[in-house]
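The chain contents come next:
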Amino acid sequence: MSKDQYILAIETSCDETAVAIVKNERELVTNVVASQIESHKRFGGVVPEIASRHHIEQMTITLQEALDESGLSLDDMDAIAVTEGPGLVGALLVGVNAAKSVAFAKQKPLVGVHHIAGHIYANRLEKEFEFPLLALVVSGGHTELVLMREHGSFEIIGETRDDAAGEAYDKVARTLKLPYPGGPHIDRLAAEGEETIDFPRAWLEDGSYDFSFSGLKSSVINTLHNAKQKGIEHKDEDVAASFQASVVDVLSTKAVRAAKEYGVKQMIVAGGVAANRGLRAALQEKFETVDTELLIPPIHLCTDNAAMIAVAGAVAYNQGHRAGWDLNANPGLDLELYSNRTKLSTE
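Engineer: Break down the overall build of the protein for me, citing the residues and quoting the values.
Structural biologist: A tally of regular secondary structure across the protein gives 11 helices and 10 strands. Within the protein, the fraction of its 347 residues that count as buried is 55%. If you take every contact in the protein between residues at least 6 apart in sequence, the share linking residues at least 24 apart comes to 73%. A total accessible area of about 14,800 Å² is found for the protein, and carbon and sulfur atoms account for 48% of it. Both charge centroids of the protein, one from 32 positive and one from 50 negative side chains, sit 1 Å from each other.

What follows is the structure in structure tokens.
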């Protein structure tokens, strides 16, 4: 590149209002995240209307903070990227309209980004991609194995058929009366407990890379209910350890098998559950014997943030993708359709 390229990105798909700036596709300039956890904690989960209202309140504040931290102005940006989906429609709309407003006011190109593509590209802030690669996406709403043969190309080879792993974590946490978000609390308890309960593993059909965690979640709930009726006590730490062992076993085993079958150079872990210590340890142990490089992002890049959207947006921008002023929130945006859609122009 003859001059430095700056991409500003906005992410509001769920309950974090985030703005980031990335330089030359891979260099993080600033990454500001305004969390809403305290507002949703009392409800045991994200309330969409509350999330949308908080995004409206925080949007301009977060944007200004990111610019102040970077020492740059909107005039310095080469393009504005924004999460267009999937996510909560009201929350997405706040970010999409903010990005359109900034892009229109400054006459900058607008780029729509898929949220999961962003999670995958968060790893590129740490290490350059080598293709072909596989991404294990594990979050509150998604559990997928995604094959990438080149930049911007996403092929789903396995996905959840019911509950995503993060969703199962939150539901089990509620059963154990743990605060929201439940994942980190389950992970903490699991480290203190032992696998004393043999919860099921849903391997599905031979050769399948799909996932299913609904049965596991139900098994945990039924086990605790039956134990209570019989006057049997299970330590929360042991329940957490047993539950997590099942989830981690399935995720790590299928990831290793897929890496071998597809002969990939890298296995990328992405999404909020990538912050789980049990999963990180299991994957690191299993991939020691596999000729595939394992990439797991630092904790602050696992959860929702705009840096990941900026990186994915920079790639899309440099491939010629442009969104029109009619860009809208797309809560059900398909990852494979996103990677294959026709290039748009802002003109």
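Engineer: For the nonpolar core, give the residues involved together with the corresponding values.
Structural biologist: In this structure, L136, I186 and F243 are the most contacted members of the largest nonpolar core, which totals 49 residues. Elements represented by at least two residues in this core include exactly β6 (133-138), β7 (143-148), α5 (165-175), α6 (182-192), α7 (214-230), α8 (236-262), β9 (266-270) and α9 (277-286). Looking at which element gives the most residues to this core, the answer is α8, with 12 residues. Beyond its immediate sequence surroundings of up to four residues, I186 is in contact with Y169, V172, A173, L176, L178, A240, F243 and Q244.

Engineer: An account of the environment of G207 is requested, with residue identities and associated values reported.
Structural biologist: Within the element layout of this structure, G207 appears in the loop between α6 and α7. Look at G207 and you get partly exposed, because its relative accessible area is 48%. Along the chain, G207 and E38 lie 169 residues apart, while their C-alpha atoms are 42 Å from each other.

Engineer: Can you explain unusual backbone geometry? Please cite residues and give values.
Structural biologist: Between F131 and P132 the backbone carries a cis peptide bond, its omega angle lying at 0°. Mapped onto the fold, P132 is located in the loop between α4 (115-121) and β6. That bond from Y180 to P181 is cis: its omega, -10°, falls within 30 degrees of zero. Residue position: P181 is located in the loop between α5 and α6. Even without being a glycine, E25 presents a positive backbone phi close to 75°. Mapped onto the elements, E25 comes out in the loop between β2 (16-23) and β3 (27-35). With a phi close to 65°, L204 is a non-glycine residue in the positive phi region. If you trace the backbone, L204 turns up in the loop between α6 and α7.

Engineer: Describe the confidence of the model for the protein, and please don't skip the residues or the numbers.
Structural biologist: Here the protein averages 94 in pLDDT, while 97% of its residues score no lower than 70. When the criterion is pLDDT under 50, residues 342-347 qualifies, and its contacts beyond four places in sequence or with other chains add up to 15 contacts.

Engineer: Please set out the pattern of salt bridges residue by residue, giving values where relevant.
Structural biologist: Two side chains with opposite charge may pair up if their charged atoms get near one another. Counted under the stated rule, the structure contains 19 salt bridges. Between K106 and D75 there is a salt bridge, and its shortest N-O distance comes to 3.4 Å. Taken together, the residues span a long stretch of sequence, with K106 in helix α3 (residues 89-106) and D75 in the loop between α2 (48-70) and β4 (79-85) at a distance of 31 residues. Its salt-bridge partner being R124, residue E128 comes within 2.7 Å of it at the nearest N-O pair. One salt-bridge network, in which partners are shared between bridges, spans E195, D198, R201, D249 and K286.

Conventions adopted
Residues numbered from 1 in each chain as written. Predicted model: local features only at pLDDT ≥ 70, side-chain atom pairs only at ≥ 80, totals over all residues. Heavy atoms only, no water. Helix = DSSP H or I, 4+ residues; strand = E, 2+ residues; numbered from the N terminus. Buried < 20%, exposed > 50% of the residue type's maximum accessible area, 1.4 Å probe, protein only. Contact = heavy atoms within 4.5 Å. Areas by Shrake-Rupley, 256 points an atom, 1.4 Å probe, with all protein chains shown as cover. Lys, Arg positive; Asp, Glu negative; His and termini not counted. Charge placed at Lys NZ, Arg CZ, Asp CG, Glu CD. Core = buried A, V, L, I, M, F, W, Y, C linked by side-chain atoms within 4.5 Å. pLDDT = per-residue confidence, 0-100. Salt bridge = Lys/Arg side-chain N within 4 Å of Asp/Glu carboxyl O.

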